[in-house]
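Structural description and commentary
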Amino acid sequence: MSNSALCPPEMSAVPTPANFNYSLGLPGGPYCLGAARSLVHTVLREHKLADLAELGVLAASELLANAYAFTPGRETHLSMRWRFGVLRLTVFDEHPAHEAAEIIAACLERRREALSLLDTVADTCGGICGLAEADMPLRGSKVWVVLPREAGALYARV
């Protein structure tokens, strides 16, 4: 009897939107932005999502810049996924927790203001941009953008 029957079925080796799912840990520092931008552009094109490449690069840059500005010297994590017809980019950082409610509110407001460009672009293109504390068991913050397929064409016209 062959052992090949015990192996899982062969997965598609061809990049498509359906198998677009990447996660990347980045060391703490803005010098990572260039590599992250190149990766986002490349993988979107390879997965037949080239129409979202320029907007995806802008979004990843803004999300990572926000994380590095408010959590300098700490690692970040970039997650990219195509699911349910939308591109989801999420950045998790290691932003320290604040105790006082006023400081929490002020910090979130400053971070939200720093995301104003991406928030405006996402809104104009039919997407959403968000910011929240990371869910347990993670610590820190998460910033994200969700963009529908038509967002790339809308962004090209802006």
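Owing to the predicted nature of the structure, the values given are computational and were not obtained by experimental measurement.

**Some points on the side chain of Arg111**
Looking at the element boundaries, Arg111 is found in helix α3 (residues 101-114). Among the residues examined, Arg111 registers a relative accessible area of 1% and is labelled buried.

**Description of the sheet that holds strand β5 (residues 141-148)**
Here five strands make up an open sheet; going across it, the order is β1-β2-β3-β5-β4 and the pairing antiparallel. On the outer flanks of this sheet lie β1 (21-26) and β4 (128-133), each paired with one strand and no other. The sheet shows a mean angle of 15° between the axes of neighbouring strands, taken without regard to direction. Sheet topology places strand β3 (residues 86-93) next to β5; seven bridges connect them, and they run antiparallel. Bridge pairing in β5 places Phe92 opposite Lys142. Contacts from α3 reach β3, β4 and β5, with the element oriented near 150° to β4. Contacts from helix α4 (residues 116-124) reach β4 and β5 within the one sheet, and its direction differs from that of β4 by about 135°.

**Focus on the pairing of β5**
Burial analysis of β5 places seven of its eight residues in the buried class, which makes it a mostly covered element. Summarising the sheet, β4 and β5 pair through six bridges and their orientation is antiparallel. In the sheet register, Ile128 faces β5, and the bridge partner there is Val146.

Cut-offs and rules
- Residues numbered from 1 in each chain as written.
- Predicted model: local features only at pLDDT ≥ 70, side-chain atom pairs only at ≥ 80, totals over all residues.
- Heavy atoms only, no water.
- Helix = DSSP H or I, 4+ residues; strand = E, 2+ residues; numbered from the N terminus.
- Buried < 20%, exposed > 50% of the residue type's maximum accessible area, 1.4 Å probe, protein only.
- Pairing = 2+ DSSP bridges.
- Axes fitted to C-alpha atoms, helices over the stretch in contact; angles between N-to-C directions.
- Contact = heavy atoms within 4.5 Å.

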